[in-house]
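# Residue-level structure breakdown
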Amino acid sequence: IDYGGGMSKLEKGQTKAIFTARNIKTVSGVPSCKIELMQSLDAGGNIPIWLVNQKIPEALSVVKEISENFKCDDDVDRSELESLATIIKNETQ
């Protein structure tokens, strides 16, 4: 098999990942979820640390991107503030 030129030493590795997203609760009408990424890696030998430092952030970037796309902290804060304001307004002090 010709893998092309310039490849002096190759290691065959394997990685497996399980990605789950679950609804966990609704806070004042704003749904929340829990995201988990479980990943294992068998490098198949020794790999340079610079390669690990390059590839690990790439592997985790998917979780960061999903978190940023579904981020609703402002909505949760607003709902909680409205809930507290209603309690203060309607409860006897």
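Residues numbered from 1 in each chain as written. Predicted model: local features only at pLDDT ≥ 70, side-chain atom pairs only at ≥ 80, totals over all residues. Heavy atoms only, no water.

### Considerations on the overall build of the protein chain
The number of helices and strands found in the protein chain is two helices and two strands. Each helix and strand of the protein chain, placed in order from N terminus to C terminus, yields the pattern β-β-α-α. Looking at the protein chain residue by residue over its 93 residues, the buried ones come to 5%. Summarising the internal contacts of the protein chain: among those between residues at least 6 apart in sequence, 50% fall at separations of at least 24. Counting only carbon and sulfur atoms, one obtains 54% of the accessible surface of the protein chain, whose full area is about 8300 Å². (Helix = DSSP H or I, 4+ residues; strand = E, 2+ residues; numbered from the N terminus. Buried < 20%, exposed > 50% of the residue type's maximum accessible area, 1.4 Å probe, protein only. Contact = heavy atoms within 4.5 Å. Areas by Shrake-Rupley, 256 points an atom, 1.4 Å probe, with all protein chains shown as cover.)

### Here we look at the pattern of salt bridges
Enumeration over the complete set of coordinates arrives at four salt bridges. In this structure, Glu58 and Lys55 form a salt bridge, with 3.5 Å as the shortest nitrogen-oxygen distance. One end of the pair is Glu58 and the other is Lys55, both in helix α1 (residues 49–69) and three residues apart, which spans about a single turn. Between Glu68 and Lys64 there is a salt bridge, with its nearest N and O atoms 3.9 Å apart. Within this pair, Glu68 and its partner Lys64 are both found in helix α1, separated by four residues, close to a single helical turn. Here the residues in one salt-bridge network are Arg22, Lys34 and Glu36, joined through shared partners. (Salt bridge = Lys/Arg side-chain N within 4 Å of Asp/Glu carboxyl O.)

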